[in-house]
Amino acid sequence: MTDGGIIYDDRGLEFKKFNVKDGLIVKHLRKSGVLVGAITGRESQVVMNRCEELKFDFHYHGVKDKGKKLNDLLETMEIDMETVAYIGDDLIDVPILSQVGLAICPADALVYVQPFAHWVTQSKGGEGVFREVGDLILHSKGLLVPIIESLSTKEA
């Protein structure tokens, strides 16, 4: 959900930029019964805050073995790996990208990571990748058009 950049001020405070369009689709995914989560290799209070703000179903930070964490989580939740969509852009993501039902890379993912993806988005990291994927998932379930229509219906 970010461009991978980290900005520190002179006191060591961390800043990140998030795309608000990514955040908006989370509500619709969750309302439609799609679990939303994050597994990240960095410990970042800023990212933790964003996950909490968006009411992610789960989020784990500072994870060095994302594959093991996801396997443990799916076992606990009794979810099959084939039903998981995962967005990744770096080496740490390859073990998961090579196992999930829908592996996704942003347009600016490392060129040697992209072959592990079923789909490479048009958007770069931090520029609406999560929204692009969320829209795809809702559309594949036949839910995106009804959401749009319900928001565009004017009451008489």
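None of the values given here were measured: they were computed from a predicted structure.

Asks: Can you walk me through the packing of helix α1 (residues 20-31) against helix α5 (residues 129-140) in this structure?
Replies: Viewed as axis vectors pointing N to C, α1 and α5 meet at an angle of 30°, and their least axial separation amounts to 7 Å. Between α1 and α5, the interaxial angle falls into the category roughly parallel. Our pair here, α1 against α5, has a crossing hand that is left-handed. Of the residues in α5, those touching α1 at Lys21, Asp22, Leu24, Ile25, Val26, His28 and Leu29 are Val129, Phe130, Arg131, Gly134, Asp135, Ile137 and Leu138. Of the residues that constitute the contact of α1 with α5, the class distribution is eight nonpolar, two polar and four charged.

Asks: Which parts of the structure should I look at to understand the packing of aromatic side chains?
Replies: The way to describe two aromatic rings as a pair is by their centre distance and the angle between their planes. This structure, assessed with the given rule, holds two aromatic pairs. Seen in terms of ring centroids, Phe58 and Tyr60 are 6.1 Å apart; in terms of plane orientation they differ by 35°. Their pairing is tilted. Of the residues examined, Phe58 reaches a relative accessible area of 17% and is grouped as buried. Directly above the aromatic system of Tyr60 lies the positively charged group of Lys69, at a separation of 4.3 Å from the ring centroid.

Asks: Mind showing me how you'd approach helix α2 (residues 45-53) here?
Replies: Each α-helix turn comprises 3.6 residues. Residues three or four places apart therefore point the same way. Taken together, the buried positions of α2 are occupied by Val47, Arg50 and Cys51. Taken down its axis, α2 places every buried residue within 100° of arc, on the same side. Looking at α2, the residues exposed on the side facing more than 90 degrees away from the buried face are Glu52 and Glu53. Contacts from the buried residues of α2 go to α1, β3 (37-39) and β4 (58-60). Looking one or two residues past α2, Lys55 carries a phi angle of roughly 60°, positive in sign.

About the criteria used
- By convention here, each chain's residues receive numbers from 1 onward along its written sequence.
- Where totals are concerned, whole chains, interfaces and linings use all residues; where local detail is concerned, this predicted model gives features only for residues with pLDDT of at least 70, and gives and counts side-chain atom pairs only at 80 or more.
- Side-chain measures here rest on the full set of heavy atoms in the structure, leaving out hydrogens and waters.
- Note on geometry: axes are lines fitted to C-alpha atoms, helical ones only across the stretch in contact, with angles between N-to-C directions running from 0 to 180 degrees.
- For helices the rule is a DSSP run of H or I covering at least 4 residues; for strands it is a run of E covering at least 2, with both sets numbered from the N terminus onward.
- Roughly parallel covers angles under 35 degrees, roughly antiparallel covers those over 145, roughly perpendicular covers 65 to 115, and oblique covers all other angles.
- Should the near helix be turned anticlockwise from the far one by less than a right angle, the crossing is termed left-handed; should it be turned clockwise, right-handed.
- Whether two residues are in contact is decided by their heavy atoms, any of which lying within 4.5 Å being enough.
- As a working rule, the residues Ala, Val, Leu, Ile, Met, Phe, Trp, Tyr, Cys and Pro are called nonpolar, Asp, Glu, Lys and Arg charged, and the rest polar, with Gly in that last group.
- The pairing test for Phe, Tyr and Trp rings, Trp by its six-membered ring, is centres within 6.5 Å, and the orientation test on the planes gives stacked under 30 degrees, edge-to-face over 60, and tilted for anything in between.
- Throughout this description, buried means an accessible area under 20% of the type-specific maximum (1.4 Å probe, protein chains only), exposed means over 50%, and partly exposed covers the range between.
- Whether a charge lies above a ring is judged from NZ of Lys or CZ of Arg, which has to be within 6 Å of the ring centre and within 35 degrees of the ring normal.
- The arc refers to the directions leading from the helix axis to the C-beta atoms.

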